Amino acid sequence: EKQIKALPSDLVCKLIRAIAPLSRAAACSRLLPKLAAVLASAQPAPAVGDLLDTCRTLCSRMPMPPVLIQMLISCVYTALEGDPDSLSLAGSLDPPQIAVSLWLLVRHLPVLSAGQGVLLQDVRGMVERLFPLLSDLGSLSAEQLCDLFEVLLRLGPPYTQSPLATRLAQQTEARNSRGQLRAAHKLSSAWGLYGLAGGSGDGPTGAHALAELLRDEAPRCARAEGAEGLCGCFRRLSMLPLGRLPLLDGVAAELESLPALEPQLLTELIDAMARLRYDSPSPLVLLSSHLSALLDRDQLHEASAASCLEAIAILTAGMPAAVAAPLAPLPARLLARTAKVVALLPHNVTSLLRGLARLQLLPQPDSVGGVTPASLIDKMVAGGMSPDISELAFQLKSCTILGLPQLAQTILASFTADQLTSTCDADAATLSSLLWSLLALREHEHPLLPACLTAVAGISFTRAQLPLVAESTLMLQLEAPAGLPPIPAELAMVAATAAAELSAVAAEAAFGSARQPGPTLREVSGALEHLGLRHGVQVLLALHVLDFVLPPETTGGESVAILLHSATDLLRDTVGGNPLSELAGPAQVKRRLIQQQGWVVLSILDHEWRALGSDHAKVNAMRQMLDPHVKPHADRNGRHPGAGAQASGYGGGDGRLERHGEASPAMPPLLRGAPQAHVPPQQLHTHAYPPPQHVPPQHVPHMLAQQRAMQQRAMQQMQMQQMQQQRMQMQQHGQQPYFGGQQEQQAAHTQQCQPQQAHSQHSSMQPHPAEEQDQV
């Protein structure tokens, strides 16, 4: 790392081509971005052939940075215009170089479409110029033929109907008849032919006859090639867009014929499966068996163990528990593997922490050989190498998700000047994670925060990163002191829209919608109706969906929000993967932001609600939870919701659900950047969530004010019509509406539902996606 900037461009290219095939276990995630940045600024630039080969190898591990893409365009343009006396339109470029150039540029079009306007136009212009120059396909390698299939399908019509598509299929058939295609090439070509024939790549719909032949031949060819060929199939297809998973079923069945896998191949196979999100049960059982055997023989390096833990976390995300069961014991064993080493490199620690954060797994030291997140950081310090800015960002984010603010502060305390300087060159994933973590930890005085806010202004974020930016904007406006650089208004608006949409989708996936409620949503609403409390269901407040809201006229003063938490909001232990009663960092941040907007926030954990059993127990628990927040005169029917409350049930007004006769563990403290004053238990019992601090009006987000003005009247009118129609339809079918006819009145009082502070935000019921489109 110390000598990288002094190396000539040809040696940098050799280093990239040597390191990239070694997988993530060889510090690729740390070295490759730095080598790519040095290559992009190298003077003089490398030869065009050397640059193309290097970029092709680099893209097997990471996307090219924008500056390197611009350098590639310049070198290709120079080669096209190099010889003024040449009659060839391709200049000094040969067909293989044209094919590689097209693949590199087209592969980055989705990334550049997020906002790189000028560079995107340059890439499209170069693609249009290079595409007609592809003539001699016979001089291309089998891998380059597969690349051209990907180019055509990424570009879509009219490119897929061009003569090149026909010639490409003919060349592939000729190569296959001569036995010149490996198993990975057969599967990749079959995927391309399915797409060109009008199918999605998932099956025989519109299938090309050659595609069927290649798909059937691939498993036999992979068996003959051995472990390397099988892993190569997964590795090759993991680089393609969606629509190719069933192609691997035949090859995956051949994994059973392998007696054992080398650690390096097994690591690459797990990594490729994670990229594919491959969830076929039989290969997962085989992976678990092979990995367990390596751990039993102590043949897995700690770097490979770290890579496997992160890959397994990606692979099992969103996977049904029954399918992921074979992999469930592995994270604890992989983490225990690191107990045998004295020092760990920063990229290995980052992979381990990211894996734990994705799994939301809070290690129990007794079950993982005494390894904890804090001990991993100690091993990194013992290694003597400080993390770079990307590793620092993901370590902070992981600690925040795991609810470890003290450990995050320990990491921040040892930051270096190099990290501060490199913030301006960080990528979108690093900046979004770093910004969200610093604000979630309330590190408002840390030097990294203003540097990060300044760097955000010129970055294009993906849809998955925008929710972090949106929450960062809200934390910056509601909690941060004045004087920090603001997030650009246009970026804030786009991020808020994406975050609200994803929040609504997540709420509906977890508990259903107001139209089609899940069991917990229906039962909680029924309990509120039984208590005579008028309420709203799934109300959108700025970025977040409130599962239930009780307006001030219902409670007698306070605006109360009730949040439902599924297992995805909770941390889990390493013993059996069971959910703990501790909220993960993102759920804590969500609660905190809602409180800062003037709401009293109460939480119901789904598994604890279901454990209550009878309807009577659930209604009684709801009464006791709401008793500290609902005044006797607030019930319109004259009943006091707290009347007859028993000693057991919801405890202490802290918004936590307790099982009948059992006290639940206390809620974890909200993430904070500095220790706060100790609160005596008797005060915590009645004032678990103090009123939010006053926020000056000028800090109120401009986008939220626009949302109030644009949505309030339209939403109220539309909700009234929708709920009346729904009620009439249910009555016609002899069903009793579980809203009890009171949600119509709630829609008429939405404005009064909001807290009367200067920084309050009016919420609105979330419409059905189709009706929202009609409204627009």
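That block above? That's the structure.
Sequence order as written defines the numbering, with residues in each chain counted from 1. Only residues with pLDDT of at least 70 get local features here, since the model is predicted, and only at 80 or more are side-chain atom pairs given and counted; chain-wide, interface and lining totals rely on the full set of residues. No hydrogens and no water enter the side-chain calculation; it runs on all heavy atoms of the structure.

(A) Quick look at the overall build of the protein. Counting secondary structure elements, the protein contains 36 helices and 8 strands. Burial classes: relative accessible area under 20% of the type maximum marks a residue as buried, over 50% as exposed, and values in between as partly exposed (1.4 Å probe, protein chains only). The proportion of buried residues among the 776 residues of the protein is 55%. Any two residues having at least one pair of non-hydrogen atoms within 4.5 Å are treated as being in contact. By sequence separation, contacts in the protein at least 24 residues apart represent 74% of the contacts at least 6 residues apart. For every accessible area listed, the method is Shrake-Rupley and the probe measures 1.4 Å; residues are considered covered only by the protein chains on display. Of the roughly 32600 Å² of accessible surface on the protein, a fraction of 55% belongs to carbon and sulfur atoms. Going along the chain from the N terminus, every DSSP run of H or I of four or more residues is numbered as a helix, and every run of E of two or more is numbered as a strand.

(B) Spotlight on helix 19 (residues 346-359). For helix 19, which comprises 14 residues, the first-to-last C-alpha distance of 20 Å matches the rise-based estimate of 20 Å (1.5 Å per residue) to within 8%. Burial within helix 19 is extensive, with 12 of its 14 residues counted as buried. Gln 360 sits one or two residues past helix 19 and shows a positive phi near 50 degrees. Multiplying one less than the number of residues by 1.5 Å gives the expected span of a helix.

(C) Highlighting the pattern of salt bridges. What makes a salt bridge here is a side-chain nitrogen of Lys or Arg within 4 Å of a carboxyl oxygen of Asp or Glu, nothing more. Enumeration according to the criterion identifies 26 salt bridges in this entry. Among the salt bridges present, the one from Arg 223 reaches Glu 254, with a minimum N-O distance of 2.8 Å. With Arg 223 in helix 11 (residues 209-225) and Glu 254 in the loop between helix 13 (249-253) and helix 14 (263-276), the pair connects residues that are 31 residues apart, well separated along the chain. Exposure remark for Glu 254: the relative accessible area of 11% places this residue in the buried category. Note that Glu 302 is salt-bridged to Arg 337, the shortest N-O span being 3.4 Å. Here the residue Glu 302 occupies a position in helix 16 (residues 302-316), and Arg 337 occupies one in helix 18 (residues 330-337), the gap between them amounting to 35 residues. Look at Glu 302 and you get buried, because its relative accessible area is 16%. A network of salt bridges, in which partner residues are shared, links Arg 56, Glu 143, Asp 147 and Arg 236.

(D) Fine view of the sheet that holds strand 1 (residues 361-362). With respect to topology, 3 strands assemble into an open sheet ordered 1-5-6, the strand pairing being mixed. Each having just a single partner strand, strand 1 and strand 6 (579-583) make up the two edges of the open sheet. Two strands pair under a simple rule: DSSP has to find at least two bridges between them. Across 2 bridges, the pairing between strand 5 (residues 570-573) and strand 6 is antiparallel. Following the sheet pairing, Arg 572 is matched in strand 6 by Pro 579.

(E) Just the nonpolar core, in detail. Nonpolar cores were defined as sets of buried Ala, Val, Leu, Ile, Met, Phe, Trp, Tyr and Cys residues, with membership established by side-chain atoms within 4.5 Å. With 190 residues, the main nonpolar core has Leu 68, Leu 130 and Phe 234 as its most contacted residues. Excluding anything up to four places from it in sequence, Leu 68 contacts Ala 36, Leu 39, Ala 40, Leu 51, Cys 55 and Leu 58. By size, the runner-up hydrophobic cluster in this structure holds 26 residues, among which are Val 524, Val 600, Ile 604 and Trp 609.

(F) Quick peek at the packing of aromatic side chains. Think of it this way: a Phe, Tyr or Trp ring, Trp meaning its six-membered ring, pairs with another when their centres are within 6.5 Å, and the plane angle makes it stacked under 30 degrees, edge-to-face over 60, tilted otherwise. Enumeration over the complete set of coordinates arrives at 2 aromatic pairs. On the basis of an interplanar angle of 80 degrees and a centroid distance of 4.9 Å, the ring pair of Phe 131 and Tyr 159 is categorised as edge-to-face. Of the two residues, Phe 131 sits in the loop between helix 7 (117-130) and helix 8 (142-155) while Tyr 159 sits in the loop between helix 8 and helix 9 (163-177), which places them 28 residues apart along the sequence. Taken individually, Phe 131 and Tyr 159 each receive the classification buried, so the pair is uniform in this respect. Remark: a charge is flagged as sitting over a ring if the NZ atom of Lys or the CZ atom of Arg is within 6 Å of the ring centre and within 35 degrees of the ring normal. Between Arg 56 and the ring centre of Trp 103, over which it is positioned, the NZ or CZ distance is 3.9 Å. Across from the ring centre of Phe 394, 4.1 Å away, lies the NZ or CZ of Arg 354, which sits over that ring.

(G) Representation of the packing of helix 24 (residues 428-440) against helix 25 (residues 448-456) in the model. Helix axes are fitted only over the stretch in contact, all axes being lines through C-alpha atoms; the angle between N-to-C directions runs from 0 to 180 degrees. It is the contact of helix 24 with helix 25, at a shortest axis distance of 10 Å, that shows an interaxial angle of 140 degrees. With respect to each other, helix 24 and helix 25 are oriented oblique. For the pair helix 24 and helix 25, the sense of crossing is left-handed. Side by side, helix 24 and helix 25 meet where Leu 431, Leu 434, Leu 435, Leu 438 and Leu 439 of the first sit next to Leu 448, Leu 449, Cys 452, Leu 453, Ala 455 and Val 456 of the second. Residue polarity follows a fixed list, in which Ala, Val, Leu, Ile, Met, Phe, Trp, Tyr, Cys and Pro are nonpolar, Asp, Glu, Lys and Arg are charged, and the others, Gly among them, are polar. Counted by class, the contact of helix 24 with helix 25 contains 11 nonpolar, no polar and no charged residues. Here roughly perpendicular refers to angles of 65 to 115 degrees, roughly parallel to angles under 35, roughly antiparallel to angles over 145, and oblique to all remaining angles. For a crossing to be left-handed, the near helix must be turned anticlockwise from the far one by less than a right angle; the clockwise case is right-handed.

(H) Local environment of the packing of helix 21 (residues 389-401) against helix 22 (residues 405-413). Taken N-terminus to C-terminus, the directions of helix 21 and helix 22 make an angle of 160 degrees; their axes are 8 Å apart at the nearest point. Considering their axes alone, helix 21 and helix 22 lie roughly antiparallel with respect to each other. The crossing of helix 21 and helix 22 is left-handed. Between helix 21, through Leu 392, Gln 395, Leu 396 and Cys 399, and helix 22, the contact on the second element is made entirely by Leu 407, Ala 408, Ile 411 and Leu 412.

(I) Structural view of the pairing of strand 2 (residues 536-541). Buried residues dominate strand 2, accounting for 6 of its 6 residues. Bridge count for strand 2 against strand 3 (residues 544-550) is 5 bridges, and the pairing is antiparallel. By the bridge assignment for strand 3, Leu 540 is matched with Val 545.

(J) Geometry of helix 32 (residues 615-626). When the terminal C-alpha atoms of helix 32 are compared, their 17 Å separation across 12 residues agrees well with the 16 Å that a helix rising 1.5 Å per residue should span. In terms of burial, helix 32 is largely enclosed, as 10 of its 12 residues are buried. Along helix 32, the residues that are buried comprise Ala 617, Lys 618, Val 619, Asn 620, Ala 621, Met 622, Arg 623, Gln 624, Met 625 and Leu 626. The elements touched by buried residues of helix 32 are helix 28 (519-530), strand 3, strand 4 (560-565), strand 7 (600-605) and helix 31 (606-611).

(K) Layout of the environment of Arg 623. Considering the arrangement of structural elements, one finds Arg 623 in helix 32. Judged by its relative accessible area of 16%, Arg 623 falls in the buried class. Separated by 93 residues in the primary sequence, Arg 623 and His 530 place their C-alpha atoms 9.9 Å from one another.

(L) Region of the structure containing the environment of Val 545. You can see Val 545 is positioned in strand 3. For Val 545, a relative accessible area of 4% gives the class buried. Expressed as a C-alpha distance, the spacing of Val 545 and Ala 507, which sit 38 residues apart in the sequence, is 6.9 Å. Not counting the four nearest positions on each side in its chain, Val 545 is found in contact with Ser 503, Ala 504, Ala 507, Gln 538, Val 539, Leu 540, Leu 563 and Lys 590.

(M) Just unusual backbone geometry, in detail. For the bond from Gln 43 to Pro 44, the omega torsion is 0 degrees, close enough to zero to count as cis. When you line up the elements, Pro 44 lands in the loop between helix 2 (28-40) and helix 3 (48-58). At the junction of Pro 157 and Pro 158, the peptide bond is cis and its omega measures out at 5 degrees in the coordinates. With respect to the helices, strands and loops of the structure, Pro 158 is situated in the loop between helix 8 and helix 9. For Gln 538, which is not glycine, the phi torsion reads 50 degrees and is therefore positive. Phi angles above zero are rare outside glycine, and Ala 542 is one such case at about 55 degrees. With respect to the helices, strands and loops of the structure, Ala 542 is situated in the loop between strand 2 and strand 3. You can call Ala 542 buried: its relative accessible area is 6%.

(N) Structural detail: the environment of Met 622. Its place among the elements puts Met 622 in helix 32. Note on Met 622: relative accessible area 0%, which makes it buried. For the pair formed by Met 622 and Leu 531, sequence separation is 91 residues and the distance between their alpha carbons is 8.7 Å.

(O) Broad picture of the state of the cysteines. When two cysteine sulfur atoms are found within 2.5 Å, that pair is recorded as a disulfide. By the definition in use, this model includes 0 disulfides. In this model Cys 55 remains outside any disulfide bridge; the closest cysteine sulfur is found in Cys 59, 6.6 Å from its own. Between Cys 231, a cysteine without a disulfide, and Cys 233, which holds the nearest cysteine sulfur, the sulfur-to-sulfur distance is 9.1 Å.

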